[in-house]
Amino acid sequence: MDLLVQDEGHEQLVDRPIAVSAVFEGSEEIAEARDLAYDFLAAVQAKHGLPVSDRAMGMVQLAVSELVTNARKYAPGPCLLALQVEGGAVQIAVWDSSTTLPLILPPDPTRIGQHGLEIVMALCQTFTIQREPVGKRISVSIVLADDPGGDVAGRQAM
């Protein structure tokens, strides 16, 4: 979205980021986080004309669900979800108050549970964990449109 700003008689075109954020405090709000992601991407498509594939829509909702679930399950207090479109991808960031970094376990089909980060890492183009002055922030990016060449969500065929 563009914003027209006046500065001493001159007009400048300033890009405003396409973003949304929300605070979640209870496990029952995980569905609300998924709905926020869906509504945000629907608006990105409808209002801003950016392509969002059905596959990307589902991947973003799944990543948001897993990240917010982990934050609610393993950290005391609220968590913050932020979504922003940048460079053809949606950046998803989830902050929580725990300073304990999550364990990223290797894939194990016999393990029951604890597959959330494994799933998220399979979905995203980038994955980072950053310590904050209070807590930590997990950030991922997911490409919005499937590649015109046929590769799913910008991933290269192997």
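Above this text sits the structure in question.
Residues numbered from 1 in each chain as written. Predicted model: local features only at pLDDT ≥ 70, side-chain atom pairs only at ≥ 80, totals over all residues. Heavy atoms only, no water.

*Asks:* Outline the environment of L144, listing residues and values.
*Replies:* Tracing the backbone shows L144 in the segment after β7 (136-143). Counting along the chain gives 103 residues from L144 to L41, while the straight-line C-alpha distance between them is 8.9 Å. Setting aside its immediate chain neighbours within four residues, L144 contacts L41, P51, V52, S53, A56, V85, G88, A89 and V90. (Helix = DSSP H or I, 4+ residues; strand = E, 2+ residues; numbered from the N terminus. Contact = heavy atoms within 4.5 Å.)

*Asks:* So what about the side chain of S141? Which residues, and what values?
*Replies:* Topologically, S141 is positioned in strand β7. Within the structure, the side chain of S141 is placed 2.7 Å from the side chain of T126, a separation counted as a polar contact. For S141, the residues in contact, after removing those within four places along its chain, are A89, V90, Q91, C124, Q125 and T126. (Polar contact = N/O pair within 3.5 Å; in protein donor to acceptor, adjacent residues only side chain to side chain.)

*Asks:* Can you explain the sheet that holds β7? Please cite residues and give values.
*Replies:* Strand order in the open sheet formed by 5 strands is β3-β4-β5-β7-β6, and the pairing between neighbours is antiparallel. This sheet does not close on itself; its edge strands, each paired only once, are β3 (18-24) and β6 (126-131). Here the strands of the sheet are splayed against their neighbours by 15 degrees on average, with no regard to which way each runs. Here β6 runs beside β7; their pairing, made up of 6 bridges, is antiparallel. Its bridge partner lying in β7, T128 is registered against S139. The strands touched by helix α2 (residues 54-74) are β3, β4 (79-86), β5 (89-96) and β7; relative to β5, the strand with the most contacts, the crossing angle is about 10 degrees. (Pairing = 2+ DSSP bridges. Axes fitted to C-alpha atoms, helices over the stretch in contact; angles between N-to-C directions.)

As far as function goes, none of this settles anything; it's purely spatial.
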